[in-house]
Amino acid sequence: MKVWILALLLVLMPFPLMASDAEDVEELDRETLQQMVRHSVEMVRIEDGVSIDDAIESMKLRANLRNFQEVADLPLSDQVTAMGGEGNYMRILAFCDALIANQMVQHDIIFASFLPCRIAVVEDDEGQGWIVTTNMDMMLHATDLPEDLEATAREVRDTIYSIVEAGRTGDF
């Protein structure tokens, strides 16, 4: 189970490691790096009685209600099966408001690494469904944004967390 969680984090993390950054990362101890990774994601257990399909449908409906466009749907577990592999359910959904994305990237190109907002739906070895996304609070507190963009970023955070909550409970 730990292997697929690590693989999922690597897929989800907008954490490109450039050659020039490698030396900086090597200076950090392993425990610090592990804490950074753990704190950079939100992992939410899907409630009992809510199927993974219901969770996904609820998230798509909530995104639509909040005017966030679904820009990608990556059924990774289907691809694993098509390639002859076996594994637990894994699907990545991506949502975006292109106008807000443009504002954020115009302010600081680093925000492009967070685009689009990704939400993964995975199943663990016990058949429990989980929803995993970027810890948007960590991102907000680690950046310097002008007041207007900070308010916009909080709206994006609230929308993504609202989408996740809809999936967790099966409500829309």
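Residues numbered from 1 in each chain as written. Predicted model: local features only at pLDDT ≥ 70, side-chain atom pairs only at ≥ 80, totals over all residues. Heavy atoms only, no water.

A. Spatial organisation of the sheet that holds strand 5 (residues 129-134). The sheet built from five strands is open, its strands ordered 1-5-4-3-2 with antiparallel pairing. Both edges of this open sheet fall to strand 1 (41-45) and strand 2 (69-74), since each of them pairs with a single strand only. Within the sheet, the average angular offset between the axes of one strand and its neighbour, ignoring direction, is 20 degrees. Of the pairings in the sheet, the one linking strand 2 to strand 3 (residues 90-96) comprises five bridges and is antiparallel in character. Within strand 3, the position partnered with Gln-69 by the bridge is Cys-96. Seen against the sheet, helix 4 (residues 52-65) touches strand 2, strand 3, strand 4 (117-123) and strand 5 and runs at an angle of roughly 5 degrees to strand 3. (Pairing = 2+ DSSP bridges. Helix = DSSP H or I, 4+ residues; strand = E, 2+ residues; numbered from the N terminus. Axes fitted to C-alpha atoms, helices over the stretch in contact; angles between N-to-C directions. Contact = heavy atoms within 4.5 Å.)

B. Summary view of the environment of Val-164. Within the element layout of this structure, Val-164 appears in helix 8 (residues 147-169). Look past the residues within four positions of Val-164 in its chain and what remains in contact with it is Val-44, Met-59, Ile-119, Ile-131 and Thr-133.

C. How the structure looks around the nonpolar core. Counting 28 residues, the largest nonpolar core has Met-59, Ile-119 and Ile-160 as the members making the most contacts within it. Take this core: its biggest share by element is six residues, from helix 8. Non-local contacts of Ile-160, meaning those with residues more than four positions away in its chain, are made with Phe-68, Cys-117, Ile-119, Thr-133 and Met-136. In this structure, Val-41, Met-90, Val-122 and Trp-130 belong to the second largest nonpolar core, which totals seven residues. (Core = buried A, V, L, I, M, F, W, Y, C linked by side-chain atoms within 4.5 Å. Buried < 20%, exposed > 50% of the residue type's maximum accessible area, 1.4 Å probe, protein only.)

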